[in-house]
Amino acid sequence: MANTTVQPAMNAVHEKKRRRRQKWNPILRNWQLYLLISPVVAYYLVFQYLPMYGIQIAFKDFIATKGIWGSPWVGFEHFERFFHSYFFWRLIKNTLGLGLYSLAVGFPVPIILALLMNEVRAEKFKKFVQTITYAPHFLSTVVVVGMMMMFLSPRYGIINHFIGMFGGNPINFLSEPSWFKTLFVMSDVWQTMGWSSIIYLAALAGVDSQLHEAARVDGATRLQRIWHINIPSIMPTIIILFILNIGSIMGIGFEKVLLMQNTLNLETSDIISTYVYRSGIQDAEYSFSAAIGLFNSIINFILLVTVNQISKRMSETSLW
Amino acid sequence: MLVESRGDRIFNIINHFLLIIITLIVIYPLVFVLSASFSDPQAVLRGEMFLWPKGINFHSYEKIFQNKDILRGYTNTLIYTSVGTLINLVMTILAAYPLSRKDFIGRNAIMALFVFTMFFSGGLIPTYMLIKNLGMLNTFWVMIIPNAVSIWNIIIMRTFFQQSIPNELHEAATIDGCSNIQTLTRIILPLSMPIIAVTILFYAVGHWNSFFNAMLYLSDKDKFPLQLILREILIQGQTNDMVKMSTESAIKQQREVEGIKYAVLVVANIPVLLLYPFLQRYFVKGVMIGAIKG
């Protein structure tokens, strides 16, 4: 730099400019990075954040010709209508019921599977079990529900053939409201347990083998070592995934519920998100549905934040 | 290795036994579908077939390959999957590379902007209205653009860039006069083939299996992806045009329809089935990278 010889007064001005340049330098130098990321930022602003702007129609009476901005405000009218509607408690009960049932069964199974697989010493057998159990993850929801309907068909399904062989009467599983939740949860376990166990297997691979050696010298059995070493070691992973699962309770398997739903099992299969779909897309009640959707998202968000906070206090593990 | 105690042996036996049971539960429905698709539908429907095909024939497959809807659905899905995955991949790289750079000012703010959408979104109705207002309803692009990128895959790829590519490499490239874009295309990407394979796989499976966007936004049957056609056949039972109504009895028709359903299940998953053994090691790696929180 040549300006070190200039007078003090000029120096101050230069100093200011230099500082400013220094502040902006890394940004200017990396202008290409900003250019690269701009399409992705644009995507998020348009397709993720613009709909958030659209949420306001939940508090308005949306009139298509006036647009989102021009439609008149109605306050909490749509929410009140929903809270007082005949469906309200049924939807709450089904949504929470299905979410909690899924969590209670679907969450521990992959952990147990991973613990079992981790104890297998024969590599080939382990690989085999993994290859098979991961596979259903790659089937689509349509295919899984389709398979379920065929296996459970009251006249032709193999399950009912089995029941018949043992002298039972055929059950029409899919039109029986009391079966809905179990079918939903069990088929989900079937489809996802292998895949979800991968994360826990990865965590188990990181357990310090010296701990196991020491425990073995002290005479700990396999079960004791799993209980006192493996499970505590993967606890942070378990907690993080648990929080994430809580965060999706209210939006649980929406596509699958929709596919499994029929007029006969509606009593137990109707959840908030399918109701939003029906009243919003099929009956074009935009404002009303948006209000219900918002209600759903807010409850979900509150659940997530609460569980995260509790976990932070109790175990010092949290998402943020 | 210490000598196995009796307790250990018992433990091993029980452990293997449990895993074999789980594996059988997972694989049985898949084998059943495959066998049923090659069997005489009558044997399947009577419950005479449990594991191996009975009365082998390819009748159901013939019906499928004569069906225009299925073939068109297949073609559409192939197009959506290839174009969609390409765009997904480019977008993911565009986001992951800058976000992986420590000297990228504002990266935390941008990351927060992206991550927030994992926990809160506008919801079904506002999103639908947006798509409608953009004039994208019932267009080709509605299957591609609204899912142009996924935050999970951005995180996975960013983590890979941070962990597998040493910072010195960046500095060396900069000193040699590489611009950021040159560094990305000439140095980073060639070193990132494993993660690119994983990303492609995740996105491609997603596109192949997705039906909900199509159901929401498409109304022309010409544009329907395979999954939507599958839904009509498997779940709504619309198979009339595949079976000749005139001559055959209702019972025989019903049997044929059920046979076709099994074959359709197989046909729809053939690409996944064929690729699965080759790709397995990649996707496990992908999940593992994703599991390490960055």
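Residues numbered from 1 in each chain as written. Chains lettered and ligands numbered in written order. Predicted model: local features only at pLDDT ≥ 70, side-chain atom pairs only at ≥ 80, totals over all residues. Heavy atoms only, no water.

**Points about the overall build of chain A**
In terms of helices and strands, chain A carries 16 helices and zero strands. By principal-axis analysis of the C-alpha atoms, chain A measures approximately 105 × 75 × 35 Å. Each of the 320 residues in chain A was classed as buried or not, and the buried ones make up 49%. Considering only residue pairs separated by 6 or more positions, chain A has 63% of its internal contacts joining residues 24 or more positions apart. Here chain A holds 26 positive side-chain charges and 17 negative ones, and the gap between their average locations is 13 Å. (Helix = DSSP H or I, 4+ residues; strand = E, 2+ residues; numbered from the N terminus. Buried < 20%, exposed > 50% of the residue type's maximum accessible area, 1.4 Å probe, protein only. Contact = heavy atoms within 4.5 Å. Lys, Arg positive; Asp, Glu negative; His and termini not counted. Charge placed at Lys NZ, Arg CZ, Asp CG, Glu CD.)

**Considerations on the overall build of chain B**
If you tally the helices and strands in chain B, you get 13 helices and zero strands. In sequence order, chain B lays out its α and β elements as α-α-α-α-α-α-α-α-α-α-α-α-α. Over its C-alpha trace chain B gives a radius of gyration of 25 Å, far above what one expects of a compact globule, namely 19 Å for 294 residues. Across its three principal axes, chain B shows a C-alpha extent of roughly 80 × 70 × 35 Å. The buried share among the 294 residues of chain B stands at 50%. The long-range fraction of contacts in chain B, counting pairs at least 24 apart against all pairs at least 6 apart in sequence, stands at 69%. Accessible surface, chain B: about 14,100 Å² in total, of which carbon and sulfur atoms supply 66%. (Rg over C-alpha atoms; globule rule 2.2 N^0.38 Å. Areas by Shrake-Rupley, 256 points an atom, 1.4 Å probe, with all protein chains shown as cover.)

**As for the packing of helix α9 (residues 180–191) of chain B against helix α10 (residues 193–209) of chain B**
Helix-helix packing: each pair is described by the crossing angle between the helix axes and the interaxial distance. Residue and element names in this part refer to chain B. Contact geometry for α9 and α10: axes closest at 5 Å, N-to-C directions at 75 degrees. Regarding the angle of α9 to α10, the classification is roughly perpendicular. Contacts from L189, P190 and L191 of α9 reach α10 at M193, P194 and I196. Grouping the constituent residues of the contact of α9 with α10 by class yields six nonpolar, no polar and no charged. (Axes fitted to C-alpha atoms, helices over the stretch in contact; angles between N-to-C directions. Parallel < 35°, antiparallel > 145°, perpendicular 65-115°, else oblique. Nonpolar A, V, L, I, M, F, W, Y, C, P; charged D, E, K, R; others polar.)

**Some points on the interface of chain B and chain A**
Listed as interface residues are 97 residues of chain B and, on the opposing side, 88 residues of chain A. Approximately 8,600 Å² of surface area, both sides summed, lies buried where chain B meets chain A, with 79% of it carried by carbon and sulfur atoms. Linking chain B with chain A are one salt bridge, by the criterion used here. A salt bridge links R222 of chain A to D8 of chain B, with the shortest nitrogen-to-oxygen separation between them at 3.8 Å. (Buried area = accessible area lost by both parts, 1.4 Å probe. Salt bridge = Lys/Arg side-chain N within 4 Å of Asp/Glu carboxyl O.)

**Thoughts on the packing of aromatic side chains**
Applying the stated criterion across every chain yields a total of 45 aromatic pairs over all chains. Aromatic pair W195 of chain A and F202 of chain B: ring centres 6.1 Å apart, planes at 75 degrees, arrangement edge-to-face. Taken together, the residues W195 of chain A in helix α10 (residues 180–205) and F202 of chain B in helix α10 connect one chain to another. Measuring from ring centre to ring centre gives 6.0 Å for Y128 of chain B and Y217 of chain B, while their planes differ by 15 degrees; the resulting arrangement is stacked. Taken together, the positions of Y128 of chain B in helix α6 (residues 124–133) and Y217 of chain B in helix α11 (residues 212–217) put the pair 89 residues apart, joining distant regions of the chain. A residue is classified by how much of its surface remains accessible, and Y128 of chain B, at 10% relative accessible area, is buried. (Phe/Tyr/Trp six-rings, centres within 6.5 Å; stacked < 30°, edge-to-face > 60°.)

**Side note on the side chain of T183 of chain B**
Residue and element names in this part refer to chain B. Relative to the helices and strands, T183 is located in helix α9. Accessibility expressed as a relative area gives 2% for T183, which makes it buried. Contact partners of T183, with chain neighbours within four places excluded, come to Y97, H170, A173, C178 and I188.

**Focus: the environment of F211 of chain B**
Within the element layout of this structure, F211 of chain B appears in the loop between α10 and α11. Classification of F211 of chain B by relative accessible area gives buried; the value is 1%. Through-space distance from the C-alpha of F211 of chain B to that of L230 of chain B is 9.5 Å; in sequence the pair is 19 residues apart. Apart from residues no more than four positions distant in its own chain, F211 of chain B is found in contact with V142, E255 and L259 of chain A together with Q227, L228 and R231 of chain B.

**Looking at the confidence of the model for chain B**
This prediction gives chain B a mean pLDDT of 85; 91% of its residues lie at or above 70. Across chain B, helix α4 (residues 68–100) of chain B holds the top mean pLDDT of 94, while helix α2 (residues 41–45) of chain B sits lowest at 77. (pLDDT = per-residue confidence, 0-100.)

**Topic: the environment of Y217 of chain B**
Residue and element names in this part refer to chain B. Judged by its relative accessible area of 6%, Y217 falls in the buried class. For the pair Y217 and T174, spaced 43 residues apart in the sequence, the C-alpha separation amounts to 46 Å. Apart from the residues within four sequence positions on either side, Y217 is in contact with T127, Y128, I131, L137, N138 and V142.

**Quick look at the packing of helix α16 (residues 286–315) of chain A against α6 of chain B**
Packing of α16 of chain A against α6 of chain B leaves a shortest axis separation of 8 Å and a crossing angle of 135 degrees. As the angle between them shows, α16 of chain A and α6 of chain B are arranged oblique. Counted together, Y286, S289 and A290 of chain A of α16 of chain A and I125, P126, Y128, M129 and K132 of chain B of α6 of chain B form the full contact between these two elements. Residues of the contact of α16 of chain A with α6 of chain B, tallied by class, amount to six nonpolar, one polar and one charged.

**Section: α10 of chain A**
Its 26 residues place the ends of α10 of chain A 37 Å apart at the C-alpha level, agreeing with the 38 Å of an ideal helix rising 1.5 Å per residue. Its axis deflected by about 50 degrees at T192 of chain A, α10 of chain A carries its strongest bend there. (Expected span 1.5 Å × (residues − 1). Bend = angle between axes of the 7 residues up to and from the residue.)

**What to know about the nonpolar core**
Soluble globular proteins tend to bury their nonpolar side chains together. Counting residues in each nonpolar core, the largest one holds 180 residues, and the members touching the most others are V40 of chain A together with F114 and F283 of chain B. Ranked by the residues each element gives to this core, the list is headed by α10 of chain A, at 13 residues. (Core = buried A, V, L, I, M, F, W, Y, C linked by side-chain atoms within 4.5 Å.)

**Description of unusual backbone geometry**
With the exception of glycine, the majority of residues adopt a negative phi angle, and the majority of peptide bonds are in the trans configuration. With phi around 55 degrees, A284 of chain A is a residue other than glycine that occupies positive phi space. Inspection of the secondary structure puts A284 of chain A in the loop between α15 (272–282) and α16. Classification of A284 of chain A as partly exposed rests on a relative accessible area of 47%. Even without glycine at this site, N138 of chain B takes up a positive phi of about 60 degrees. Positionally, N138 of chain B belongs in the loop between α6 and α7 (151–164).

**Side note on the pattern of salt bridges**
All names here are of chain A. One pass over the full model with this rule turns up 15 salt bridges over all chains. The shortest N-O distance in the salt bridge between R81 and E285 comes to 3.0 Å. Taken together, the residues span a long stretch of sequence, with R81 in helix α4 (residues 77–84) and E285 in the loop between α15 and α16 at a distance of 204 residues. In this structure, the salt-bridge partner of E119 is R222, at a minimum N-O distance of 2.9 Å.

**Here's the deal with a nonpolar patch on the surface**
A cluster of nonpolar side chains, contributed by I10, I14, F17, L18, I21 and I25 of chain B, occupies part of the molecular surface with about 540 Å² of accessible area. Tracing the sequence through the fold places I25 of chain B in helix α1 (residues 6–38). (Patch = residues over 30% accessible without salt bridge, like charges linked within 9 Å, V, L, I, M, F, W, Y side chains within 5 Å.)

**As for the environment of G97 of chain A**
All names here are of chain A. Looking at the secondary structure, you find G97 in helix α5 (residues 88–106). Distance from G97 to Q261, taken between C-alpha atoms, is 16 Å for residues 164 residues apart in sequence. If near-sequence neighbours (up to four positions away) are discounted, G97 is found in contact with I92 and K181.

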